[in-house]
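Take a look at the letters that make up each chain.
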Amino acid sequence: MIDEIAARFPYWATAALLVVGLYGMIAKRSLVKQVIGLSIFQSAIILFFISGSLLEGATLPILYSVHGGEHANPDDFVNPLPHVLMLTAIVVGVAITGVALSFLVSIYREFGTLDERDMLDEMRK
Amino acid sequence: MSETTASALPLAAVLVPVGAAMLASLTTGRWPNLRDAWATLAGIAMVAITVVMLTDTLDGRIHRTVLLELSPGIDIALRADPAGMIFGLLVSVLWVLAGVYAVGYMRGEHEQKQTRFFTAFALSIATVAGVALAENLLTFVLFYELLSLFTYPLVTHRETETALVAGRKYLAYTLSGGLMLIGATAWLHVLGVDATFQAGGFLDGAGLDSATQWGLFVLLAGGVGVKAGVMPLHSWLPSAMVAPTPVSALLHAVAVVKAGVFGMVRVGVFVFGAALLDDMGAWLVLAVMSAGTLLIASILALRHDNLKRRLAYSTISHLSYIVLGVALIGPLALTGALLHIVGHGVTKITLFFVAGAIHVRTHKENVSDLDGIGRQMPITMGSFALASLSMVGIPPFILFTSKLYLGWGAVEVGQQVFLIVYLVSGLLAAGYLFPIVIRAFLRSSPDHTRYGEADVRMVAPIAVTAILALVWGIAPDLPLGFFELASTVADAAFPQSVALAGGTP
Amino acid sequence: MEQQLPAFIVGAPLLFSVIVPILGRKWRQSAFVISVATVAVAAVASALSLERVLRDGTFRYYLGGWEPPVGIEWVIDEVAAVVSLVVTSVSLLVLVSTRRWAEREAGDRPGVFYGLVLLLLAGLTGIVITGDLFNLFVFLEIASLAAYALVFIGGRRAMLAGFRYLIIGSIGGAFYLLGVGFIYFATGTLNMIEARQLLVEAESTRAVQVGAVFIFTGLGLKMALVPMHLWLPDAYEHAPSSVNSLIAPVMTKVAAYAMLRMFLSVFPPGYLSGAVPVADALLILGLVGIVFGSVAAAGQTDIRRMLAYSSISQLAFIAVGIGLGTPLALAAALLHVVNHAAMKATLFLATASVRFRVGLQRTHNLAGLGPRMPLTMGAFAVGSVAMVGIPPTAGFFSKWYMVQAGVDQGQWVVVVVVLLSSLLTAVYLFKVLEQVYLRPAKPEPSAHHDDEHDSPVDSAPQPAEQEAIRPVVERAREAPWDIWVPLVLLAAATVILGVFNVVIMEHVLLPGVEVS
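No experiment lies behind these values; they were computed from the predicted model shown. (Residues numbered from 1 in each chain as written. Chains lettered and ligands numbered in written order. Predicted model: local features only at pLDDT ≥ 70, side-chain atom pairs only at ≥ 80, totals over all residues.)

1. Thoughts on the overall build of chain C
In step 1: Counting its secondary structure elements, chain C contains 20 helices and two strands.
In step 2: Against the compact-globule benchmark of 24 Å for 516 residues, chain C has a radius of gyration of 22 Å, which places it among compact chains.
In step 3: On the principal axes, the C-alpha backbone points of chain C span a range of 70 × 55 × 40 Å.
In step 4: Taking all 516 residues of chain C together, the buried fraction comes to 68%.
In step 5: Contacts in chain C between residues far apart in sequence, at least 24 positions, make up 80% of those at least 6 positions apart. (Helix = DSSP H or I, 4+ residues; strand = E, 2+ residues; numbered from the N terminus. Rg over C-alpha atoms; globule rule 2.2 N^0.38 Å. Buried ≥ 20, exposed ≤ 12 C-beta atoms within 10 Å, placed from the backbone. Contact = placed C-beta atoms within 7 Å.)

2. Notes on the overall build of chain B
In step 1: Helix and strand counts for chain B come out as 19 helices and three strands.
In step 2: What you see for chain B is a C-alpha radius of gyration of 21 Å, in line with the 23 Å of a compact globule of 505 residues.
In step 3: Projecting the C-alpha coordinates of chain B onto the three principal axes gives extents of approximately 70 × 50 × 45 Å.
In step 4: Within chain B, the fraction of its 505 residues that count as buried is 64%.

3. Considering the interface of chain B and chain C
In step 1: Listed per partner, the contact involves 22 residues of chain B and 21 residues of chain C.
In step 2: Listing elements by their share of the side of chain B that touches chain C, those giving two or more residues are β2 (61-71), α5 (137-155) and α6 (161-191) of chain B.
In step 3: Element by element, the count of residues in the side of chain B that touches chain C is highest for α6(B), at 11 residues.
In step 4: A breakdown of the residues in the side of chain B that touches chain C according to their chemical character gives 14 nonpolar, five polar and three charged. (Nonpolar A, V, L, I, M, F, W, Y, C, P; charged D, E, K, R; others polar.)

4. Observations regarding helix α19 (residues 481-499) of chain C
In step 1: For α19(C), built from 19 residues, the straight-helix expectation of 27 Å at 1.5 Å per residue is met to within 8% by its first-to-last C-alpha distance of 27 Å.
In step 2: All of the buried residues along α19(C) are C:I483, C:W484, C:P486, C:L487, C:V488, C:L490, C:A491, C:A493, C:T494, C:L497 and C:G498. (Expected span 1.5 Å × (residues − 1).)

5. Topic: the pairing of strand β2 (residues 73-76) of chain C
All names here are of chain C.
In step 1: Neither face of β2 is open: one carries E73 and V75, the other W74 and I76, and all of them are buried.
In step 2: Summarising the sheet, strand β1 (residues 59-62) and β2 pair through four bridges and their orientation is antiparallel. Residue Y61 lies in a different strand from β2, and its bridge partner there is W74. (Pairing = 2+ DSSP bridges.)

6. Thoughts on the environment of A:A95
Residue and element names in this part refer to chain A.
In step 1: With respect to the helices and strands, the residue A95 is situated in helix α4 (residues 81-111).
In step 2: When the 13 C-beta atoms within 10 Å are taken as the criterion, A95 is described as partly exposed.
In step 3: Expressed as a C-alpha distance, the spacing of A95 and V84, which sit 11 residues apart in the sequence, is 17 Å.

7. Re the packing of helix α2 (residues 32-58) of chain B against helix α4 (residues 114-133) of chain B
Residue and element names in this part refer to chain B.
In step 1: For the pair α2 and α4, interaxial distance at closest approach is 11 Å and the crossing angle is 10 degrees. On the basis of the axis angle, α2 is roughly parallel to α4. For the pair α2 and α4, contact is made by P32, R35, D36, A39 and A42 and by Q114, T115, F118 and A122, respectively. (Axes fitted to C-alpha atoms, helices over the stretch in contact; angles between N-to-C directions. Parallel < 35°, antiparallel > 145°, perpendicular 65-115°, else oblique.)

8. Regarding the confidence of the model for chain C
All names here are of chain C.
In step 1: Summary statistics for chain C give a mean pLDDT of 85 and a share of 93% for residues scoring 70 or more.
In step 2: Here helix α18 (residues 470-475) stands out as the element of chain C with the lowest mean pLDDT, 72, in contrast to helix α6 (residues 133-152), whose mean of 93 is the highest.
In step 3: pLDDT under 50 marks residues 446-466. Its contacts with residues more than four places away, or in other chains, come to 30 contacts.
In step 4: Scored as a whole, the predicted complex attains pTM 0.89, and scored at its interfaces, ipTM 0.89. (pLDDT = per-residue confidence, 0-100.)

9. Examining the sheet that holds β2(B)
Residue and element names in this part refer to chain B.
In step 1: The mixed open sheet is built from three strands, whose spatial order is β1-β2-β3. Edge strands, defined here as strands with exactly one partner in the open sheet, are β1 (3-6) and β3 (74-79). The sheet shows a mean angle of 45 degrees between the axes of neighbouring strands, direction not considered.
In step 2: Pairing between β1 and β2: four bridges, direction parallel. Within the sheet, the bridge partner assigned to T4 lies in β2 and is I62.
In step 3: Seen against the sheet, helix α1 (residues 9-27) touches β2 and β3 and runs at an angle of roughly 70 degrees to β2.

10. A short note on the interface of chain A and chain C
In step 1: Opposite the 24 residues of chain A that make contact, chain C presents 22 residues.
In step 2: Among the elements of the structure, α3 (31-52), α4 and α5 (116-124) of chain A are those that each provide at least two residues to the side of chain A that touches chain C.
In step 3: In terms of residues, the side of chain A that touches chain C owes the most to one element, α4(A), which gives 12 residues.
In step 4: When grouped by side-chain class, the residues that make up the side of chain A that touches chain C number 18 nonpolar, five polar and one charged.

11. Some details on the packing of helix α13 (residues 331-362) of chain B against helix α18 (residues 456-474) of chain B
Residue and element names in this part refer to chain B.
In step 1: Axis separation between α13 and α18 bottoms out at 9 Å; the angle between their running directions is 155 degrees. Accordingly, the angle class assigned to the pair α13 and α18 is roughly antiparallel. For α13 against α18, the interelement crossing comes out left-handed. Note on element contacts: α18 touches α13 through M458, V459, P461, I462, T465, A466, L468, A469 and W472, opposite V342, G343, V346, T347, I349, T350, F353, V354, A357 and V360.
In step 2: Looking at the contact of α13 with α18 residue by residue, the classes come out as 15 nonpolar, four polar and no charged. (Left-handed = near helix turned anticlockwise from the far one by under 90°.)

12. Thoughts on unusual backbone geometry
In step 1: Following B:P395, the chain continues into B:P396 via a peptide bond in cis, with omega recorded as 5 degrees.
In step 2: With respect to the helices, strands and loops of the structure, B:P396 is situated in the loop between α15 (378-392) and α16 (398-412).
In step 3: Look at the link from C:V226 to C:P227: it is a cis peptide, with omega at 5 degrees.
In step 4: With respect to the element layout, C:P227 can be found in the loop between α9 (206-222) and α10 (231-238).
In step 5: Not every positive phi belongs to a glycine, and B:H363 is a case in point at roughly 60 degrees.
In step 6: Assessed through the 9 C-beta atoms surrounding it within 10 Å, B:H363 is described here as exposed.

13. Overview of the environment of B:D279
All names here are of chain B.
In step 1: Its place among the elements puts D279 in helix α10 (residues 274-280).
In step 2: Overall, the presence of 15 C-beta atoms within 10 Å leaves D279 in the partly exposed class.
In step 3: It is 22 Å that separates the C-alpha atoms of D279 and F262, two residues lying 17 residues apart in sequence.

Okay, structure coming up:
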């Protein structure tokens, strides 16, 4: 059991973070905590991509010997694409978090609270 | 066999009422006389078009319009074949009369929203013409569904709570029927069957297995059976009688329900065909259901005091005459059924017209209030008496001729049971119609109000339809060749011109 | 020039979504004009692309000139071209028709409002034409972000709805990204066409199946597939009128299109049945959703909420088509994407038009409006009839082909539910039509606890809240021409799309699903 978890550690870590994030978004009444949950959720996916492109003993994908005419062996390099993708994903994530936080500012100005249940009570009045 | 010629006339028969509807809605209530004239003018134009097509149809030249492809491989196509011509002629002739009558009625009753009424009325006629002339199943379904839609505002015209409830019921029933047809049509298309109506049935020889045949039969017969008022699918019809009387008269005695029974003719003769109905044994199911309907509805008609309701149940009963005629799968029975479409149309419209005229003049709706009305409205009630005689099947009225063929057809295929059903139902018709005539003429009126005849725009159509019931009874071919058309259909459907084994006893 | 068409479809809205807010600060009127012009350019570019695809077949556009696998590829096939045309042209009509609403609702910052609208469109068209899995994620999030913000500006109630939409929508996006990760690690490519080729050659592994499940969950959330629909009714009901007429017809539809694209271009058929029966799951959820959405819609009193549930039902219909997976079913689903965009835009715009004039949105308060707003309500009636699926309107034909596909596959449940959905749709739409045409105006608002929200708004006739509704209805006039012209055009489109459906089916949709 433990061996199995250790062998696929990145998967389990990702799964655990996803669950934590989902829990935050679904179970928490505070809107701020929901946004935090969302951030954790997105981070888990970013970690998943990065860990998936991990290659033992490989180095940065920069061709040191390009001028020497030597053919490079792809196995010596870490796959750069997931890293680049994750840069974009981080930007998307930041944008979402930013929009969410600006929503929270407006909501607080309007309702004077960031608690979901209080908001619903307020709206029923 | 007959040849087809490409022609715009079938399309014109559909578009003329559409044009009338558009003109009526543009003219609006500002010029009511002009608005109401459109319907009559269009009706006359439509009669002219159908008569032109008729002469060619009788000569074996079938007019055909192909419009556009509605679904890959299926066109919207209209064809003036003999069966369709019977229905198309009937509708166009009665539309002229009902159009005149409706003007008198709507003005006499001071009905609201007359523009909407006349627009929807004309659109309904257009879709009925489409149902009559549809060449294939999808075109048929297209117009059949539109008919449900355009008659909805007519059923709910009064806008009372009862009318709205009746409208919902009407929509629920007719839309369900339409969905059954859509399902069957899609199924046929997937099976690769070319669903173009053919005398003798396009399914005959299509090589389908028994379960598929039965599934299609239930969907198709159920789909058209809703509008044909076959029990237990009939209950929308009495409810829909809340509509203004011209609607009940034209649509719920002639157009809508006849679209249903005409659909039954299409399904029985042109989709399945005699041989297949006989092989499957489906004719028996249809025959037993329609025989039950026609007896039960006749008995129910006896119980109703409200004149329009009584006529509604009478309609349900007579529709099943036709369905039974189709189910008996013999050439004589089919001829009788087609004649019955015509005969019942012209007879029942008279009865409904009279009910409306009485209502406009006296605001009476119940049979028990009609004592002595015959002396005050002699032409109206005289027509009612003539139509009642026809309804019961007294010679020489048209319904005598059609019932004669129906009964003869039952004997021809060796099903004397159904002959008895026809005879009993005729007696019951006498039971629910003659008392009205007797009350009207032989009893004296309890109140001393002098009512007098209704507006001439109502009385004239009543007299004309009553006389037509008599004229067509004496000479069904005069002048529109109904009998010749009906026997052409029967000959095509039963090429051997001998009765098939249609239910060997 | 012709080769650069995709840049106009996506690039023009993207570029001007930045420019419009800047210009809009100084010249407020410019925001609307520039936005409409931009969307018109995108629509024309889509039409030209469609014409080109029909002439020369599918064409590809390499972003920045980099060819795959290095660069990002945009692929315009028949399906993408037609959906992009529908999205841009429907948006164009909606934008024109809701200009007066936007003036009210965008407040003093029309530039920001129209900037967001353009951003939304850039995202949506991007989703439609991209041929790259990760690029699709980016566009999906761009469109979603704009949509969250647009919903959010609808006022008090819209705030919570918008926030929830953001949370759920972001979960959907994240799930999709996670699924893409699995696909990427299994195949080593993000290009849809290459991924498909590699997946066809390779065996279906566990990782790919898990990835498929994540992708479908993510897109299911975005397209509000039952039971992932909870965000949608609130968002549609409370969103500003200028926004829900825009996002209801196109936003979820594009998510559904993305789902379909996964079937068409990424996963080979065998992958989605068997061990992880994604297709069957879609089919079942779709069937449940059709019934659930219609039944829930019948129970609503707010017309926008009713239409929102109706959308859930219609999207479920598309899901059924995807789940069936035969070319005919996929074409039927795509036809419904097109048809439903036109029908729902008609219904939402008519609702917006009514609210503009009389400020009423409860179905039972609309009585007597039919003759007073003939064009608006006529368009609503045509849209309703099309939704019910009476031939020859557009709605009939998506059902017609779907029933055929169901019969063909022996899926009788599908046949029955699809046919039944017509009746269920008739229940809630004819309820409205009955009010509008067949009942006299109510003398007073019926006692309903929520009716305080049904008082006429802003510049419309302004009675006190307690005042009777009847005088409002009786004073009602037809909406201004710039509201009803687009509305009538859309209503006409629902009929024209139906009558000429064969042209779309035979030349565009059926070849589109065959090729891929």
